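For reference, the chains in residue letters:
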Amino acid sequence: MAILRGELIALRPVVPKDRECRQRLGFHAEIERGYGVLRESGPMTEEEADAWYAGLVETGADATNATWVIEAAGELAGVAFLHSIREVDAKARFAIGLLSPDLLGRGYGTEATRLVLEHAFGLMSLHRVDLRVLEFNENTIAMYRRCGFVEEGRERDSCRMGQYWYDDVIMGILDHEFLSGPVSRP
């Protein structure tokens, strides 16, 4: 797995110390809601941290995925994935998550997204990268647009949280769109 470096962050493989850092970060209701999960803010148990770490190691070992830890200031800040990689169609699906509200709004997600897209359309020679994001996640949708993604459609009422239903916004970007820009820079 290639280590991708930007000005603010590095994307690298998961290492054992990430497990402890993830547990220290705990759960945050705002972050979890963005993933489509209703959960109170609070600590992460040893078992949950073990499962998180094991899941990242397993995902990283799967040839249909590319998995990175987002590292900022020497610490775990989040994760980024290209998953469902289909070489025959030269496409993959992107997912990213920062793990604490304190890490939002610093440009980490934007830089990580751009680094992954550079890798996807460069070294991996992909033609298309797409993603799904919940409709209420307006800041994230705006960030994806700044990185060149365009809305392609919606999967209506695809996520139920409590008594409410939310759409998944489907966004995509093609290699020539990313490589030719212009993509706004912060």
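Because the structure is predicted, anything quoted here is derived from the model rather than measured. (Residues numbered from 1 in each chain as written. Predicted model: local features only at pLDDT ≥ 70, side-chain atom pairs only at ≥ 80, totals over all residues. Heavy atoms only, no water.)

1. With respect to the pairing of strand β2 (residues 9-12)
Consideration 1: Because side chains alternate across β2, one face comprises the buried residues Ile9 and Leu11, and the other comprises Ala10 and Arg12, equally buried.
Consideration 2: Counted between consecutive antiparallel strands, the loop separating strand β1 (residues 4-5) from β2 contains three residues.
Consideration 3: Where β2 and strand β3 (residues 66-72) come together, four bridges link them in antiparallel fashion. When the sheet's bridge partners are listed, arginine 12 is paired in β3 with valine 69. (Buried < 20%, exposed > 50% of the residue type's maximum accessible area, 1.4 Å probe, protein only. Helix = DSSP H or I, 4+ residues; strand = E, 2+ residues; numbered from the N terminus. Pairing = 2+ DSSP bridges.)

2. Comments concerning unusual backbone geometry
Consideration 1: Phi angles above zero are rare outside glycine, and serine 125 is one such case at about 55°.
Consideration 2: Within the secondary structure layout, serine 125 lies in the loop between α4 (108-121) and β6 (128-134).

3. Describing the pairing of strand β8 (residues 164-174)
The two faces of a sheet get side chains in turn, since along a regular strand they alternate between them.
Consideration 1: With seven bridges joining them, β6 and β8 adopt antiparallel strand pairing. Across the sheet, arginine 132 pairs through a bridge with isoleucine 170, a residue of β8.
Consideration 2: Where strand β7 (residues 150-161) and β8 come together, eight bridges link them in antiparallel fashion. Note on β8: the bridge partner recorded for cysteine 159 is tyrosine 166.

4. Focus: the pattern of salt bridges
Consideration 1: Evaluation of the coordinates by the stated rule reveals 16 salt bridges.
Consideration 2: The partner of glutamate 46 in a salt bridge is arginine 19, with the nearest N and O atoms 2.7 Å apart. Here the residue glutamate 46 occupies a position in helix α3 (residues 46-61), and arginine 19 occupies one in helix α1 (residues 17-25), the gap between them amounting to 27 residues.
Consideration 3: The class of arginine 19 is buried, set by a relative accessible area of 12%.
Consideration 4: Of the charged contacts in the structure, one is a salt bridge between glutamate 151 and arginine 145, with a shortest N-O distance of 3.4 Å.
Consideration 5: What makes glutamate 151 partly exposed here is its relative accessible area of 35%.
Consideration 6: A residue is classified by how much of its surface remains accessible, and arginine 145, at 47% relative accessible area, is partly exposed. (Salt bridge = Lys/Arg side-chain N within 4 Å of Asp/Glu carboxyl O.)

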